[in-house]
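Each chain is listed here by its residues.
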Amino acid sequence: MDKQYDPNTNIAYISRTKRYIDEDGNEGTQTEVYKKTYGGKHFWRVWLGDLLYTLGLINNSKQLDVVFYVLDNTDPANNLYIGTIRKTVEETGVSLGTVSAIFKKMQDVDMIVKQQNGVYKVKPNLLMKGDDSKKQRLVIEYEKIKREEEQKHERPDDRDAMDEN
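Here's what I pulled together on the structure shown here. Because the structure is a prediction, the values reported are computed rather than measured.

## Side note on the layout of surface pockets
Each pocket or cavity is described by its volume, and for the second largest pocket that value is around 150 Å³. Residue lining of the second largest pocket: Gln 107, Asp 108, Asp 110, Ile 112, Val 113, Lys 114, Tyr 142, Lys 146, Glu 149, Glu 150 and His 153, and that is the complete set. Residue assignment for the lining of the second largest pocket shows that the elements contributing at least two residues are helix H4 (96-108), strand E7 (112-116) and helix H5 (132-154). Taken together, the residues that form the lining of the second largest pocket break down as three nonpolar, two polar and six charged.

Below, the structure written as C-alpha cells:
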C-alpha cells in the first residue's frame, strides 16, 4: 500500500495494487486509489446560513437563544439533545410559549426529531461533529427515528376505526 500525504491540503492519496489471475490464467494487476481528507473531525460543522434560513429565525432573538442553547447542549457523540421543554425554559429563561413554539418549528422544518419525551436528535446534515463516516451513520439513525415517528402518527386510533363501523 502506498500513501502520499500533502500537509498543505490535509489530503492523503492512498493506493493499493492487487495482483490477480483471471479465468484464462492471465496475470494482471488492479490499482485502486482512495482520497482521504484529514482535519475536520475535531470540529463541529454547522451550516448556520441554511439552518437559520430553514427556521426563518433571522429576526427573533429569543427563538435564536433557544436554538443556540439546543446546539450548545447537543451531545457530539450521538447528536442527541436531552432536555424537556420545561428544562429548556428554566435553563434559557425564555417563556414556555416561545420554547414550545421553537421546538415545534424545529421539528416541522426537520431540524430535530423527537426520539422520546425529552430526547431529540439533531439532523446531522445541519450539525455534526466528526468525519463523513460518522455523518453517514448519524443520518441513518436520524432517518430511522423520523420514519418511526411518522408511522406512530399514521396509525389510526382504534376508537376511530370502531366509530366508522
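From this point, the narrative continues.
## Considering helix H2 (residues 61-72)
Because each turn of an α-helix spans 3.6 residues, side chains separated by three or four positions in sequence point in the same direction. Over its twelve residues, H2 extends 16 Å from the first C-alpha to the last, a length consistent with the 16 Å expected when each residue adds 1.5 Å. Those residues of H2 lying buried are Gln 63, Leu 64, Val 66, Val 67, Tyr 69, Val 70 and Leu 71.

## Remarks on the pattern of salt bridges
Summed over the entire model, instances satisfying the criterion amount to seven salt bridges. For Glu 141, the salt bridge identified is with Lys 121, shortest N-O distance 3.2 Å. Taken together, the residues span a long stretch of sequence, with Glu 141 in helix H5 and Lys 121 in strand E8 (residues 119-122) at a distance of 20 residues. Overall, Glu 141 belongs to the partly exposed group, its relative accessible area being 28%. Residue Lys 121 is classed as buried on the basis of its relative accessible area, which comes to 3%. Here Glu 141 ties to Arg 137 by a salt bridge, and the two come within 2.9 Å at their closest N and O atoms. Taken as a pair, Glu 141 and Arg 137 lie in helix H5 at a separation of four residues, close to a single helical turn. A relative accessible area of 37% means that Arg 137 is categorised as partly exposed. Bridged by salt links that share partners, the residues Asp 110, Lys 123 and Lys 146 form one connected network.

## Some words on the nonpolar core
With 18 residues, the main nonpolar core has Val 66, Val 70, Phe 103, Met 106, Met 111 and Ile 112 as its most contacted residues. Of all elements in the fold, only H2, H4 and E8 reach the threshold of two or more residues within this core. For this core, the leading source of residues is H2, giving five residues. Sequence-distant contacts of Val 66, defined by excluding residues within four places in its chain, comprise Thr 88, Thr 92, Val 94, Val 99, Ile 102 and Phe 103.

Basis of the calculations
- Residues numbered from 1 in each chain as written.
- Predicted model: local features only at pLDDT ≥ 70, side-chain atom pairs only at ≥ 80, totals over all residues.
- Heavy atoms only, no water.
- 1 Å grid on protein atoms, 1.4 Å probe; cavity = no way out; pocket = protein on both sides within 12 Å on 5 of 7 lines; lining within 4 Å.
- Points joined across faces, edges and corners; volume = space filled by probe spheres on them.
- Helix = DSSP H or I, 4+ residues; strand = E, 2+ residues; numbered from the N terminus.
- Nonpolar A, V, L, I, M, F, W, Y, C, P; charged D, E, K, R; others polar.
- Expected span 1.5 Å × (residues − 1).
- Buried < 20%, exposed > 50% of the residue type's maximum accessible area, 1.4 Å probe, protein only.
- Salt bridge = Lys/Arg side-chain N within 4 Å of Asp/Glu carboxyl O.
- Core = buried A, V, L, I, M, F, W, Y, C linked by side-chain atoms within 4.5 Å.
- Contact = heavy atoms within 4.5 Å.

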